[in-house]
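# Observations on chain architecture
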Amino acid sequence: MSTPHIVDSHCHLDFPDFDEERDAIVARAVEAGVSRMVTICTKLRNEPQVRAIAETYDPVFYAAGTHPMSAADEPLVTAQDLIRLADHPKFVGIGESGLDYHYTAESADIQKTSLKVHIEAAQETGLPLIIHNRASDDDMIDILSAGMAQKPFSCVMHCFSSSEKLAHAALDMGFYLSMSGISAFPKSQDLRDIFAKAPVDRILVETDSPYLAPPPHRGKRNEPAFTAHTAKVGAEVFGLSFEDFATQTTANFDRLFSKAAAWQPKEGAA
């Protein structure tokens, strides 16, 4: 029986953790059934390197933005900066952007400004916004809601590990929630309970590698091949077989990241 296809909707293949064996990392992911990966650029000055990775590997797509924890240290991105990137056939998302008051609360104001720029780019390009949120639920709800009222856009709450209040608000706006390795940690039952109340057609899976490796690899470097470990837990949460959950989350990814779903490699490409 063939391995069910699944998608790692969020990883960081440009990080130095992967420099010595990037070919092998991608090959292991494909062997494990990960048919596509979205590698995320967190600082726009690194966009050329991230783009080159997406161009090198057929299953890899990319997104770019300014991570909220870097918002105070990087030049403020403009919507036009991001909109221009959308011309690339493998550029499929805006971000990650968002708010992080756990580590970088002192830069809250510039984080909010940056997030609003990313929302504008998502509105103009039609590409999904990729959101990082930590300890900033109320401000996140306010900013996303205001953006939606102005002009609708699509969005995924990446590595969702926030409150039930934010989950409800995001789902009410038509957004998606992404399960990372945190969802598979033994002490994350409260988080799994939040996911269990969500519509399964609004769920994605991701690694956020090299971070947050799920059991049995917890504490080690994460990689896209480990997506299935989180997905197996997700299948249990939703009472589905692994095969059905893999099929469902892949369909969800295709719906949200429609540009990736429509992409076709050039004839003769690897």
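What this report covers is the structure whose coordinates are included nearby. (Residues numbered from 1 in each chain as written. Predicted model: local features only at pLDDT ≥ 70, side-chain atom pairs only at ≥ 80, totals over all residues. Heavy atoms only, no water.)

### Examining the pattern of salt bridges
For the coordinates displayed, the defined rule picks out 13 salt bridges. Here Lys 112 makes a salt bridge to Asp 139, at a shortest N to O gap of 3.4 Å. With Lys 112 in helix α4 (residues 108–125) and Asp 139 in helix α5 (residues 137–150), this residue pair connects regions lying 27 residues apart in the sequence. A residue is classified by how much of its surface remains accessible, and Lys 112, at 24% relative accessible area, is partly exposed. Asp 139 sits in the partly exposed class, given a relative accessible area of 24%. (Salt bridge = Lys/Arg side-chain N within 4 Å of Asp/Glu carboxyl O. Helix = DSSP H or I, 4+ residues; strand = E, 2+ residues; numbered from the N terminus. Buried < 20%, exposed > 50% of the residue type's maximum accessible area, 1.4 Å probe, protein only.)

### What about the nonpolar core?
Nonpolar side chains tend to gather and get buried jointly when the protein is soluble and globular. In this structure, Leu 129, Leu 144, Phe 153, Met 157, Phe 160, Phe 175 and Leu 177 are the most contacted members of the largest nonpolar core, which totals 69 residues. It is α4 that provides the largest number of residues to this core, a total of 6 residues. Excluding anything up to four places from it in sequence, Leu 144 contacts Ile 119, Leu 129, Ile 131, Phe 153, Met 157, Met 173 and Phe 175. Among the nonpolar cores identified, the runner-up in size contains 14 residues, and Ile 40, Phe 61, Ala 63 and Leu 256 belong to it. (Core = buried A, V, L, I, M, F, W, Y, C linked by side-chain atoms within 4.5 Å. Contact = heavy atoms within 4.5 Å.)

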